[in-house]
Amino acid sequence: MDTEQRLLLIVEDDEAFARTLARSFERRGYQVLHAESMAQMQVLLATHTPAYAVVDLKLRGEASGLACVRQLHAHSSKTRIVVLTGFASIATAVEAVKLGAVHYLAKPSNTDDIEAAFGLMEGNPEVELTNRSSSIKTLEWERIHEVLAETGFNISEAARRLGMHRRTLSRKLGKQRV
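What comes next is a walk through the structure. (Residues numbered from 1 in each chain as written. Predicted model: local features only at pLDDT ≥ 70, side-chain atom pairs only at ≥ 80, totals over all residues. Heavy atoms only, no water.)

## A few points about the pairing of strand β6 (residues 80-85)
For β6, the tally of buried residues reaches 6 of 6 residues, placing the bulk of the element in the interior. Side chains R80, V82 and L84 of β6 all project onto a buried face; the interleaved residues I81, V83 and T85 project onto the opposite face, where all are buried too. Two strands pair when backbone bridges link them, and strand β5 (residues 52-56) and β6 are joined in this way by 5 bridges, in the parallel orientation. Bridge pairing in β6 links D56 to L84. Sheet topology note: the β6/strand β7 (residues 101-106) ladder contains 5 bridges and is parallel. By the bridge assignment for β7, V83 is matched with Y104. (Buried < 20%, exposed > 50% of the residue type's maximum accessible area, 1.4 Å probe, protein only. Helix = DSSP H or I, 4+ residues; strand = E, 2+ residues; numbered from the N terminus. Pairing = 2+ DSSP bridges.)

Written out as structure tokens, the structure is:
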């Protein structure tokens, strides 16, 4: 297995976004590998050990980005993993960090944001605390994402646990892009 200092793995099912991100990182001196799914990621991990990884939280098909984070971290605890998502929630951010991610960024994030996140070695105790209370919609959204994370992003099972129809949950997820 080769371990290269500037080897970056992008796990992203949006081909255009992955290509743009890869070009940007290549201009910065990274060697970039791309996987569209967990299965493709596993094939790449058989011969490579990336120093960095960018993982999309919501992948098409069977696996969530959280499962990819877990596997990447198990493959090498030294890999600096950043999770990107258009479906940001506190529950999934906490799970991503528990599973081995160093940071969690909401889309759209640029190469500067991601590269800065790779460099963060610890949390920032100076982050400003807010007194803003959460709205009912925010609380609902966070609960939905907590249950989605628990179910491995299985919409049918999450809807059952939330006591709502699967189509209702799908509609809520389609409307609410954070």
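## Observations concerning the packing of aromatic side chains
Taken as a whole and judged by the stated rule, the model has 4 aromatic pairs. Relative to Y52, the ring of Y30 lies with its centre 5.5 Å away and its plane at 75°, an arrangement referred to as edge-to-face. One end of the pair, Y30, is in the loop between α1 (15-27) and β3 (31-35); the other, Y52, is in strand β5, and 22 residues separate them in sequence. This pair shows no difference in class: Y30 is buried, exactly as Y52 is. A centroid spacing of 4.7 Å and a plane angle of 45° characterise the contact between Y52 and F118, whose relative ring orientation is tilted. Of this pair, Y52 sits in strand β5 while F118 sits in helix α5 (residues 111-119); the two residues are 66 residues apart in sequence, bridging distant segments of the chain. Residues Y52 and F118 agree in their burial class; the two are buried. (Phe/Tyr/Trp six-rings, centres within 6.5 Å; stacked < 30°, edge-to-face > 60°.)

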